[in-house]
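Residue-level structure breakdown
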Amino acid sequence: SISGFPMFFDLNVPCNEPLTEAALSATLSTLVKLGYSGAALNQTFSGPPAKTPEFRLKLPIALTAEATNILQLEHRSFRQLSRATYIVKEPAEISALTRLGDALSVFDIVSVVPTSEKLVLGCCGLENIDLISFDTSQKIGFYFKTAQLGVALGHQIYFEIAYAPMLLDAGMRRMSIQNGMALVRATRGRNLLLSSMAQNPMQCRSPYDVSNLGRLFGLEYKDAKAALSLHAQSVVAHSHRRCRSYKGLLSVRRNDGSLASAFVPGPSPLSAATGDSVADAPKAAAAADAAPAAAPAPAAAPAGPSPSASPRRRSSAAPPSPPSPLHPVHWQTASSRLRMGASPPAARAWARAW
C-alpha cells in the first residue's frame with residue numbers, strides 16, 4: 001500500500017481477438033478511474049500449448065488523456081502485466097505445460113482452466129503456474145474437494161473467481177454464485193482471487209463494490225478486500241519467483257544492477273549456530289580477519305563432583321583446545337561436537353571456552 005491506502009489489482013482483462021488496443025485502452029482507463037493500481041491482460045489459449053508461446057500485444061498500452069491526468073494528479077502509477085490462460089482438456093496438455101518450463105517466463109502470470117475432476121488434480125500439482133481458474137458461469141460437472149485443492153494451496157497457487165459473467169445473464173449469475181460458494185467452502189477462504197474478466201468498460205466495478213460482491217460467495221469483507229489487493233500482489237510475487245528462481249537457484253542482484261545466480265545448498269553452519277542470515281557470514285569472516293590475533297585461552301576444567309563420588313564414567317581424553325577463529329569447526333555447537341565423538345565433559349568444556 002502507498003500512504004496507507006491499499007493497492008487493488010484486476011488480473012483478468014481479456015485481450016484475445018477481436019478486441020483492439022483502442023478497446024483495451026478504454027477498459028484500462030476505466031480501471032484507473034475506479035482506483036486500481038494495475039491490471040493483467042489475459043490471452044487465452046486452447047488446445048496443445050505451443051513450444052514457443054508469444055504474447056500478442058506490446059505492453060504498456062497507451063491510456064486515455066483523462067486517465068493519464070488522474071495518475072499524475074494522484075502521484076501513482078498503473079502497472080500492466082501479461083497473462084496466459086491455458087484451457088486444459090486432455091491429460092497430455094498438462095505434461096506439455098510441464099515440459100515448457102522456462103518458455104512460460106515470457107508471461108508475467110500463467111493460469112490454467114481444468115475442465116474435469118481428473119484434470120483438476122493434475123493442474124494442482126503443477127509448479128510452473130500461478131493461478132487456477134474455473135468457468136463459474138457454467139455448470140461444473142464435479143465437486144471441489146478440499147484434499148485436491150490443498151495440493152495447490154501447498155504450492156502457493158491461487159484460485160480465481162470472475163464477476164463479469166454475473167452481469168450478463170440471470171442464469172450465469174445464479175451459477176456463478178453457486179460455484180463461487182462451493183469454491184470458498186473447499187478452500188476455506190484461502191488463496192482466493194477476485195477479478196473482473198471485463199471485455200468493455202461497462203463491466204468494470206470499483207474495488208469496494210467487488211468486495212461487497214464477495215460476501216455473496218461467503219467471504220468476510222476483509223477477506224474479499226484482500227482477494228483484490230494482498231492476494232493479487234502475492235500472485236505477482238509468486239510469478240516473479242517462478243521466473244527468477246529454480247529450486248536452490250536464487251536471483252541475486254549485484255551492486256552494478258546486473259543479475260547473478262547463487263546456489264544455496266542448505267543453511268550455513270554459521271547461521272545455524274548464531275541465528276544470523278546467510279548474507280551475514282561474509283561480514284562475520286571479515287570482522288574475524290580485522291580483529292587482532294590473540295592467544296587462545298586455556299580450556300576450563302569441567303565443574304562437577306570428585307571422581308570417587310561420581311559413578312558416571314569419565315573421559316580420559318583432555319578437553320580439546322579451542323580452534324582458530326577462521327577454522328570451520330568454530331561454527332559448530334557443542335551438540336555437533338558430541339556427534340563428532342567428543343565426550344560430554346569435553347564438549348561442555350569446549351562450549352565454555354567459547
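Before reading further, recall that the structure is shown in the block above.
The text that follows walks through the structure, step by step, so that each part is easy to find. Just so it is clear, the model here is predicted, and its values are computed rather than measured.

Scoring rules and cut-offs
Residues numbered from 1 in each chain as written. Predicted model: local features only at pLDDT ≥ 70, side-chain atom pairs only at ≥ 80, totals over all residues. Heavy atoms only, no water. Helix = DSSP H or I, 4+ residues; strand = E, 2+ residues; numbered from the N terminus. Buried < 20%, exposed > 50% of the residue type's maximum accessible area, 1.4 Å probe, protein only. Contact = heavy atoms within 4.5 Å. Axes fitted to C-alpha atoms, helices over the stretch in contact; angles between N-to-C directions. Parallel < 35°, antiparallel > 145°, perpendicular 65-115°, else oblique. Nonpolar A, V, L, I, M, F, W, Y, C, P; charged D, E, K, R; others polar. Core = buried A, V, L, I, M, F, W, Y, C linked by side-chain atoms within 4.5 Å. Phe/Tyr/Trp six-rings, centres within 6.5 Å; stacked < 30°, edge-to-face > 60°. Left-handed = near helix turned anticlockwise from the far one by under 90°. Pairing = 2+ DSSP bridges. Arc of directions from axis to C-beta.

Secondary-structure assignment places Pro-53 in the loop between β2 (36-46) and α2 (65-73). Residue Pro-53 is classed as buried on the basis of its relative accessible area of 8%. Once the C-alpha coordinates of Pro-53 and Val-106 are considered, the two residues, 53 residues apart in sequence, prove to be 7.7 Å apart. Discounting chain neighbours no more than four positions away, the residues touching Pro-53 are Tyr-86, Ala-103, Leu-104, Val-106 and Phe-107.

This paragraph deals with the packing of helix α5 (residues 146-154) against helix α6 (residues 170-187). Interaxial distance between α5 and α6 falls to 9 Å at its minimum, and their mutual angle equals 70 degrees. One finds that α5 runs roughly perpendicular with respect to α6. Taken together, the residues of α6 that come into contact with α5 (itself represented by Thr-146, Leu-149 and Leu-153) are Leu-183, Arg-185, Ala-186 and Thr-187. Here the residues of the contact of α5 with α6 are counted per class, giving 4 nonpolar, 2 polar and 1 charged.

Glancing now at unusual backbone geometry. Cis geometry marks the peptide bond from Glu-17 to Pro-18; its omega dihedral reads 15 degrees. In this structure, Pro-18 sits in the loop between β1 (8-14) and α1 (21-34). Pro-60 follows Leu-59 through a cis peptide bond whose omega is 0 degrees. Among the structural elements, Pro-60 can be located in the loop between β2 and α2. At Gln-156, a residue that is not glycine, the phi angle is positive and equals roughly 60 degrees. Mapped onto the elements, Gln-156 comes out in the loop between α5 and β6 (158-162).

Here the focus is the side chain of Thr-136. By the secondary structure assignment, Thr-136 is in the loop between β5 (131-133) and α5. We classify Thr-136 as buried; its relative accessible area is 4%. Ignoring anything within four residues of it in the chain, the contact list for Thr-136 reads Ala-162, Met-175, Ser-176 and Asn-179.

Turning our attention to the nonpolar core. A general feature of soluble globular proteins is that nonpolar side chains tend to end up buried together. Counting 59 residues, the largest nonpolar core has Leu-41, Tyr-86, Ile-132, Phe-134 and Phe-159 as the members making the most contacts within it. In this structure Leu-41 touches Val-13, Cys-15, Leu-24, Leu-28, Phe-55, Leu-57, Leu-59, Ile-61, Gln-80, Leu-81, Ser-82 and Arg-83, once residues within four positions along its chain are discounted. Listed in part, the 11 residues of the second largest apolar core include Ala-40, Tyr-158, Ala-232 and Val-235.

Quick look at the packing of aromatic side chains now. Considering all chains together, one arrives at 7 aromatic pairs under this definition. Between Phe-8 and Tyr-208 the ring centres are 5.5 Å apart and the planes differ by 70 degrees, which places this aromatic pair in the edge-to-face class. With a gap of 200 residues between them, Phe-8 in strand β1 and Tyr-208 in helix α7 (residues 207-213) connect regions that are remote in the sequence. Put simply, the rings of Phe-45, Phe-55, Tyr-86 and Phe-107 pair up and form one aromatic cluster.

Time to look at the packing of α1 against α2. Where α1 contacts α2, the two axes come as close as 9 Å, and the packing angle between them is 30 degrees. For the crossing formed where α1 meets α2, the hand is left-handed. Residue-level contacts link Ser-29, Val-32 and Lys-33 of α1 to Glu-66, Ala-67, Ile-70 and Leu-71 of α2. Residue classes in the contact of α1 with α2 are distributed as 4 nonpolar, 1 polar and 2 charged.

It is worth spelling out the sheet that holds β1 at this point. The strand order across the open sheet formed by 7 strands is β1-β2-β3-β4-β5-β6-β7, and the pairing between neighbours is parallel. If you trace the sheet from one side to the other, it starts and ends with β1 and β7 (192-195), each paired once. The average angle at which neighbouring strand axes cross in this sheet is 30 degrees, direction not considered.

Among all positions of α5, only Gln-148, Leu-149, Ala-152 and Leu-153 are buried. Taken down its axis, α5 places every buried residue within 145 degrees of arc, on the same side. Opposite the buried face of α5, by more than 90 degrees, sit the exposed residues Ala-147 and Gly-154. Those residues of α5 hidden inside the fold are in contact with α4 (117-124), β5, β6 and α6. Immediately downstream of α5, the backbone of Gln-156 shows phi near 60 degrees, a positive value.

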